[in-house]
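Topology and contacts: notes
Letter by letter, the chains look like this.
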Amino acid sequence: MNEIRVFSPATVANLSCGFDILGACLDKVGDELVVRKTKKKGIVITKITGQELSKDITVNVAGVSALALLRETEVDCGFEIEIHKGVKPGSGIGSSAASSAGSVFAINQLLGKPYSNKELIKFAMEGEKAACGSLIADNVAAALLGGFTFVKDGLNHDYFKLCTPPELFFTVIHPQIEIKTSDSRAILVKEVSLEKMTEQSANIGAFIAGLYTDNYELIARSMVDSVIEPLRSTLIPKFNDIKEISLSNGALACGISGSGPSIFALSKGFSTANDIALAMKKVYSKTDLEYDIHISPINDEGIKIIKVK
Ligand code: HSE
């Protein structure tokens, strides 16, 4: 195999109750990367479509994560990377994660899979660090493992995949404003009360119990965030209206996707997810805000191979 094209999906991090530790993998919306082996050693980004981004491999997250992989791996070839961006940077649905995870996944395949997808997470995290200054694993873990994922301890590479109930769909609306993850992290308070700590821990535990028992009602009442959402939602136009209309149209839960500005609603069944999309659109169509909207089942596979040569 000398060339591979992969689909590297968008992801929803935090899922309201699990700041920096929970993630879920979307389908259909994502980046595509083409990676080919070259005789000449090293990494070159040859083409980027969809967004204006740097081709400098020490700046572009796909290059940064690939370099991290190659630092630990003996190889007798180099790699050319093409990035076709389907996820907009600063959208809150894991744009940097899609590119950083996609490049290491593709290179690993071309090398005959010396690493498991779980082992690739630490390399992809280096791309996240380059993008936002923090070694966050939630989006890259979801992209590489698929389904719902949990980060027990990102710095010590302890993360795993959770169970995915069959009928869940995401509706994600992305108002066309950009919020940098670093800015969205900078406004957070550094300390929480004991009471909030207890509430949030209870919600995470109950959410995971809900996933493992297909208990949609428990999932719904666990996806609550009284720590991060009140602060970040002030950056997102019409957040409260979108949330209210999503819940009144049958969403199990609605919250900020990652660091925003995208807003996600989780629901049972495509038809509810579609009703929610229509309702969300009504809110933004009363403003002059442009937006993208995605309806997606949970992608239990994660990054997908499209073609090999
Ligand atoms: N967990 C991270 C945050 C995700 O909320 O800042 C960044 O996309």
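So, how was this worked out
Residues numbered from 1 in each chain as written. Predicted model: local features only at pLDDT ≥ 70, side-chain atom pairs only at ≥ 80, totals over all residues. Heavy atoms only, no water. Near = heavy atom within 4 Å. Polar contact = N/O pair within 3.5 Å; in protein donor to acceptor, adjacent residues only side chain to side chain. Areas by Shrake-Rupley, 256 points an atom, 1.4 Å probe, with all protein chains shown as cover. Helix = DSSP H or I, 4+ residues; strand = E, 2+ residues; numbered from the N terminus. Nonpolar A, V, L, I, M, F, W, Y, C, P; charged D, E, K, R; others polar. Domains from an automatic or database assignment. Axes fitted to C-alpha atoms, helices over the stretch in contact; angles between N-to-C directions. Parallel < 35°, antiparallel > 145°, perpendicular 65-115°, else oblique. Left-handed = near helix turned anticlockwise from the far one by under 90°. Contact = heavy atoms within 4.5 Å. Disulfide = S-S within 2.5 Å. Patch = residues over 30% accessible without salt bridge, like charges linked within 9 Å, V, L, I, M, F, W, Y side chains within 5 Å. Salt bridge = Lys/Arg side-chain N within 4 Å of Asp/Glu carboxyl O. Buried area = accessible area lost by both parts, 1.4 Å probe. Buried < 20%, exposed > 50% of the residue type's maximum accessible area, 1.4 Å probe, protein only.

Neighbouring the ligand are Ala13, Asn14, Phe19, Asp20, Asp138, Asn139, Thr181, Arg185, Arg232, Gly258 and Ser259. With respect to the ligand, the side chain of Asp20 contributes an N or O atom lying 2.5 Å from a nitrogen atom. Contact between the ligand and Asp138: a nitrogen atom at 2.5 Å from a side-chain N or O atom of the residue. Protein contact buries 95% of the 260 Å² of open area that the ligand shows by itself. Broken down by secondary-structure element, the contributors of at least two residues to the shell around the ligand are helix H4 (138-145) and helix H5 (181-186). For the shell around the ligand, the residue count by class is two nonpolar, five polar and four charged. Counting the residues that make up the shell around the ligand, at least three belong to each of domain 1 (3-162 + 299-308) and domain 2 (168-297).

A word on the packing of helix H1 (residues 61-71) against helix H2 (residues 95-110). Each packed pair of helices is defined by two parameters, the angle between the axes and the distance between the axes. For the pair H1 and H2, interaxial distance at closest approach is 8 Å and the crossing angle is 40 degrees. Between H1 and H2, the crossing angle belongs to the class labelled oblique. Read as a crossing pair, H1 and H2 show a hand that is right-handed. Packed against H1, whose contacting residues are Val61, Ala62, Ser65, Ala66, Leu69 and Leu70, the element H2 presents Ser96, Ser99, Ser100, Ser103, Val104 and Ile107 at the interface.

A few words now on the state of the cysteines. Taken as a whole, this structure holds zero disulfides when the rule is applied. In this model Cys17 remains outside any disulfide bridge; the closest cysteine sulfur is found in Cys254, 14 Å from its own.

Take a nonpolar patch on the surface next. On the surface, Val189, Val192, Leu194 and Met197 cluster together to form a nonpolar patch covering roughly 400 Å² of accessible area. In this fold, Val189 is placed in the loop between H5 and helix H6 (194-212).

The next point concerns the domain arrangement of the chain. Here the domain parsing of the chain yields domain 1 (3-162 + 299-308) and domain 2 (168-297). Computed over C-alpha atoms only, the centres of domain 1 and domain 2 are separated by 24 Å. With 32 residues of domain 1 in contact, the opposing surface of domain 2 contributes 39 residues. Looking at the side of domain 1 facing domain 2, the largest losses of area belong to Ser16, Cys17 and Phe19, adding up to 24% of the total buried there. The interface formed by domain 1 and domain 2 holds two salt bridges in total. Across the salt bridge formed by Asp292 and Lys88, the nearest N and O atoms sit 2.9 Å from each other. Listed by contribution, the elements that provide at least two residues to the side of domain 1 that touches domain 2 are strand E1 (3-13), strand E2 (22-38) and strand E5 (148-153).

Let's shift gears to unusual backbone geometry. Of note, the bond from Gly260 into Pro261 is cis; its omega dihedral lies within 30 degrees of zero at 5 degrees. Of note, Pro261 is situated in the loop between strand E8 (253-256) and strand E9 (263-268). Located in the positive-phi region is Asn14, a residue other than glycine, with phi close to 80 degrees. Positive phi outside glycine occurs at Leu15, with the angle close to 50 degrees. Structurally, Leu15 can be placed in the loop between E1 and E2.

One can find Leu67 in helix H1. A relative accessible area of 25% means that Leu67 is categorised as partly exposed. In sequence terms Leu67 and Lys37 are 30 residues apart; their C-alpha atoms lie 14 Å from each other. Filtering out sequence-adjacent residues up to four positions away, Leu67 remains in contact with Ile43, Ile57 and Thr58.

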